[in-house]
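What follows is each chain in one-letter form.
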Amino acid sequence: MKKLNLLLCALLISGCSWFGGDDEDEIKPAELVKFEQQVKIKKQWSTKVGGGNKTFWTSLRPAANDTTVFAADHDGKVSAIDIASGKRLWSTELDVSISGGVGYAPGQVMVGSIEGEVYVLSAADGAVIWTATVSSEILASPQGNGEVVAVQTIDNQLFVFDAQTGVAIWQHEDEAPLLTVRGTSTALVTDRMILVGFDSGKLIAFNPENGSLIWESRLALPKGRTDLERMVDVDGEALLVDDVIYAVTYQGRLGAISRGTGRSLWFQDSSSHSSPAYSAGQVFVSQADSIVRAFNSGSGQVTWTNDQLFLRRVTGPATLAGYMAVADAEGYLHLLNPDDGSFIARTKVDGSGVSAAMLTVGDSLIVQSNSGSLSAFKIQQ
């Protein structure tokens, strides 16, 4: 059964309420408040990596190793950019509609298409190493560990391939709810585990070699009378910190889970489409309504809440030099104090807005705007 694109429908129905609508009865996004900036965000470089994010209602998150960031656009262009200088190292035109973000494994760059095609490229020069076809559209970034490549599709299936040859090794099909948000969780791939969140609200850990089940954990149980109320999709990538996994569902919960056993350590009510972030003993979540919250990583206790970006369609959180960052649909990059959630800096990235998750590499924050620009930011000392 095909998914109903709930997010698209919601935006079309209530589009006048997003930045500039004139219907007085609509709930409008929060207006930005002025504050005294305590640090300055400096743009290191900016370059064009494609034609923007206007064709599909999806985001293309970049990926990186220590020296290079890899980015793609929806028209099939994949580029490698030097993190230090912003210089383009190579570009490859795939001539396909890329619908999932970029994945990286040692020596390999991976993307997925709207037609269910997986492309694995050489990280050195962008040459295509192999391609494969899966069951349906790919909205998440393919991920690998150098031995296997894992790809989750929009119809709730997980496909795993040999990283060198592209030969299919195993696959898993999970239960598919009648109604889901348009989005798919990106697999977390380590040497010993492939961890995937599904639309059923489950988090499942698999053996990478053969697909055998290591453990399964329920982040959230469907509640309510209608299919709309019962959606508990896991759309963001799970976060691994030491031996603890943090993951969040839509209309469900944020949970801390033991990596080895899948045992639940704590849960807190939360609703998010994005991946959480971690810094200095706190877990940060951008909720579906764009309220940003911080939780104590050990107990799950809420440490602060910032509601001043309400309905501004903020990205998932990222860290920058110890601070917490989110970007919004108007293209503003906001820096928050991790201790209390107050604003400490703000800058304009791009008037087209930012919807792709941001990426932290060392002391740089990589941001891809909806117009196809890729920029690196640092805190000015």
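Before reading further, recall that the structure is shown in the block above.
Here is a short report on the structure shown in this document. (Residues numbered from 1 in each chain as written. Predicted model: local features only at pLDDT ≥ 70, side-chain atom pairs only at ≥ 80, totals over all residues. Heavy atoms only, no water.)

1. Let's talk about the nonpolar core
Part 1 of the reasoning: One finds I41, L333, L335, M358, L365 and V367 to be the most contacted residues of the largest nonpolar core, which totals 17 residues.
Part 2 of the reasoning: In this structure, A72, A80, V102 and Y119 belong to the second largest nonpolar core, which totals 16 residues. (Core = buried A, V, L, I, M, F, W, Y, C linked by side-chain atoms within 4.5 Å. Buried < 20%, exposed > 50% of the residue type's maximum accessible area, 1.4 Å probe, protein only.)

2. Remarks on the sheet that holds strand β30 (residues 359-361)
Part 1 of the reasoning: The strand order across the open sheet formed by four strands is β1-β32-β31-β30, and the pairing between neighbours is antiparallel. Where the open sheet ends on each side, the last strands, each with one partner, are β1 (40-48) and β30. Going across the sheet, the axis of each strand differs from the next one's by a mean of 25°, ignoring polarity.
Part 2 of the reasoning: The pairing of β1 with strand β32 (residues 373-380) spans eight bridges and is antiparallel. In the sheet register, S46 faces β32, and the bridge partner there is S375. (Pairing = 2+ DSSP bridges. Helix = DSSP H or I, 4+ residues; strand = E, 2+ residues; numbered from the N terminus. Axes fitted to C-alpha atoms, helices over the stretch in contact; angles between N-to-C directions.)

3. Quick look at the side chain of K202
Part 1 of the reasoning: Residue position: K202 is located in strand β16 (residues 202-206).
Part 2 of the reasoning: With a relative accessible area of 7%, K202 lands in the buried category.

4. Focus: the packing of aromatic side chains
Part 1 of the reasoning: Summed over all chains, the structure comprises eight aromatic pairs.
Part 2 of the reasoning: Plain terms: the ring middles of F70 and W90 are 6.2 Å apart, the flat faces sit at 35° to each other, and that makes the pair tilted. Here F70, found in strand β3 (residues 68-72), pairs with W90, found in strand β5 (residues 88-93); they are 20 residues apart in sequence, far enough to count as distant.
Part 3 of the reasoning: Classification of W90 by relative accessible area gives buried; the value is 9%.
Part 4 of the reasoning: Consider the rings of W170 and F206, whose centres lie 5.4 Å apart with planes at 45°: the pair is tilted. Of this pair, W170 sits in strand β13 (residues 168-173) while F206 is found in strand β16, placing the two residues 36 residues apart along the sequence.
Part 5 of the reasoning: Note on W170: relative accessible area 10%, which makes it buried. (Phe/Tyr/Trp six-rings, centres within 6.5 Å; stacked < 30°, edge-to-face > 60°.)

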